[in-house]
Amino acid sequence: WGLMWHLDEILYGRQLSSSEFRIERPIFVISGGRSGSTQISRYIETDERVAAPNILQCFVPFLWLWRLVELTLGRVISTEYVAAKIKDMMPPEALERHEMDPFKADTFDGALWGFHYNYRAISLGPDMAYRDMNFAEVNPEDSPQMENDFCRLVDRLARKHFLLVQRQRMRRSATPTGASNADRSRFFIKGHFLWAADALLERYPDATFVTIVRDPAERLQSGVNFMRTQILDSNLGAVPWSWLSTYLRRSEADYCRVEKEWYSRTASRTNKCVLCFDDFKSDVQHSMRFVFEKCDLLVKNNKNGDVVLPSHVPKKHSDRRRHGYSV
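Presented here is an overview of the structure given in this document.

Definitions and limits used
- Residues numbered from 1 in each chain as written.
- Predicted model: local features only at pLDDT ≥ 70, side-chain atom pairs only at ≥ 80, totals over all residues.
- Heavy atoms only, no water.
- Axes fitted to C-alpha atoms, helices over the stretch in contact; angles between N-to-C directions.
- Helix = DSSP H or I, 4+ residues; strand = E, 2+ residues; numbered from the N terminus.
- Parallel < 35°, antiparallel > 145°, perpendicular 65-115°, else oblique.
- Left-handed = near helix turned anticlockwise from the far one by under 90°.
- Contact = heavy atoms within 4.5 Å.
- Nonpolar A, V, L, I, M, F, W, Y, C, P; charged D, E, K, R; others polar.
- Salt bridge = Lys/Arg side-chain N within 4 Å of Asp/Glu carboxyl O.
- Buried < 20%, exposed > 50% of the residue type's maximum accessible area, 1.4 Å probe, protein only.
- Pairing = 2+ DSSP bridges.
- Phe/Tyr/Trp six-rings, centres within 6.5 Å; stacked < 30°, edge-to-face > 60°.
- Lys NZ or Arg CZ within 6 Å of the ring centre and 35° of its normal.

Describing the packing of helix 11 (residues 216-228) against helix 12 (residues 241-264)
One way to put it is that helix 11 packs onto helix 12 with a least axis distance of 10 Å and a crossing angle of 140°. Relative to helix 12, the element helix 11 lies oblique. In the packing of helix 11 onto helix 12, the handedness of the crossing is right-handed. Packed against helix 11, whose contacting residues are Pro 216, Arg 219, Leu 220, Gly 223, Val 224, Asn 225, Met 227 and Arg 228, the element helix 12 presents Trp 241, Leu 244, Ser 245, Leu 248, Arg 249, Glu 252, Tyr 255 and Cys 256 at the interface. In terms of residue class, the contact of helix 11 with helix 12 is built from nine nonpolar, three polar and four charged.

Written out as structure tokens, the structure reads:
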């Protein structure tokens, strides 16, 4: 992985470090697991003013590989075919509880832990899982390095995504030109990386942070059931129920405590958006107007000049089965 990352630096390092691709006013959805954050992200990333790397790009954050695949396999294999193949590889019980689309934004740190960090920690007992997969806080001895490396990774990922989009536009245009800061989209990712929120705010003081708050008991129950469906290593099998409940009770209690404290700080409250899960579930238009207003994504109505939600935000959520799960 290190060699693949450095290949990007060799090929594109000077461009990626240029001021042309600096990150301005990014949007971070940092919310607890099983809170509805994926659905909110679907509505945000559909906006053409927002640029979000899909989950496959988060799994393999290498620009040279994205371009190679796009110019070779991407010409003969459709995204629908790839998506179907990936879904076939996943446990059907997991797909019941998560609307997986590899070509849309999803939980960034889920990809990061699943491919690059200790994803087996959850199968090594509740204490190891709590130590290595606590998204509210990291171990004190790891904190400085983790926060610094995470922010560098986020910044580089954003710049790679912008450079890729620029190259795609140039290839489609009859008169290729570069992208400017004025017309470039705002970077967006979502995940549970609350432990990195302070570091991200320090690096991007103009960022907007969004969370959705759900009843902790409901979120805990959903989290235990969802994690039970994740077979990360076929040799180890499903994580025992008792391990999951012990680990998640501790880590989610931490998350609720840190989330409440962080999003309540008055010093930087102006660029934070806290949404209630029940409100989001019952009234998507009102809830998303609140989110889009906080993110400065509302648009003017051409007829009367009123500031309104973009037309791509639905009036109601699509139907989805939420009961009778296999697990």
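Some thoughts on the pattern of salt bridges
Summed over the entire model, instances satisfying the criterion amount to 19 salt bridges. Across the pair Asp 106 and Arg 42 runs a salt bridge, and its minimum N-O distance is 3.9 Å. Taken together, the residues span a long stretch of sequence, with Asp 106 in the loop between helix 6 (92-97) and helix 7 (108-115) and Arg 42 in helix 2 (residues 37-45) at a distance of 64 residues. Both residues of the pair, Asp 106 and Arg 42, belong to the buried class. Glu 137 is the partner of Arg 257 in a salt bridge, and the nearest nitrogen-oxygen pair spans 3.3 Å. Placement of Arg 257 in helix 12 and of Glu 137 in the loop between helix 8 (126-132) and helix 9 (143-172) is noted, with a sequence separation of 120 residues between them. Taken together, the salt bridges that share partners define one network made up of Arg 42, Glu 45 and Asp 106.

Digging into the sheet that holds strand 2 (residues 50-51)
Overall, parallel pairing links the five strands, which are arranged 2-3-1-4-5 in an open sheet. Every interior strand has two partners, whereas the edge strands, strand 2 and strand 5 (272-276), have only one. Bridge count for strand 1 (residues 27-30) against strand 4 (residues 208-213) is three bridges, and the pairing is parallel. Within strand 4, the position partnered with Ile 27 by the bridge is Thr 208. Against the sheet, helix 2 touches strand 1, strand 2, strand 3 (186-191), strand 4 and strand 5, its axis set at about 165° to strand 3.

Re the packing of helix 1 (residues 2-16) against helix 9
Running from N to C, helix 1 and helix 9 point in directions that differ by 70°, and their axes come no closer than 11 Å. Between helix 1 and helix 9, the angle falls in the class roughly perpendicular. Crossing of helix 1 against helix 9: the hand is left-handed. Mapping the contact onto sequence places Trp 5, Asp 8, Glu 9, Tyr 12, Gly 13, Gln 15 and Leu 16 in helix 1 and Leu 153, Arg 156, Arg 159, Lys 160, Leu 163 and Arg 167 in helix 9. Grouping the amino acids of the contact of helix 1 with helix 9 by side-chain chemistry returns five nonpolar, two polar and six charged.

Side note on the packing of aromatic side chains
With the rule as written, the count across this model stands at 13 aromatic pairs. With 6.2 Å between their ring centres and 65° between their planes, Tyr 43 and Phe 280 make a pair best called edge-to-face. Within this pair, whereas Tyr 43 is found in helix 2, its partner Phe 280 is found in helix 13 (residues 277-282), the two being separated by 237 residues in sequence. Comparing Tyr 43 with Phe 280, the two get one shared label, buried. Considering the side-chain rings of Phe 108 and Phe 193, the 6.3 Å spacing of their centres and the 90° angle between planes classify their relative orientation as edge-to-face. Here Phe 108, found in helix 7, pairs with Phe 193, found in the loop between strand 3 and helix 10 (197-203); they are 85 residues apart in sequence, far enough to count as distant. Classification of Phe 193 as buried rests on a relative accessible area of 0%. Among the aromatic residues, those joined into a cluster by ring pairs are Phe 108, Trp 113, Phe 135, Phe 150, Phe 193 and Trp 195. When the ring centre of Phe 226 is taken as origin, the NZ or CZ atom of Arg 34, which lies over that ring, is 4.5 Å away. In this arrangement the basic side chain of Arg 214 is found over the ring face of Phe 277, its NZ or CZ atom lying 4.6 Å from the centre.

So yeah, pure geometry; function would need other evidence.
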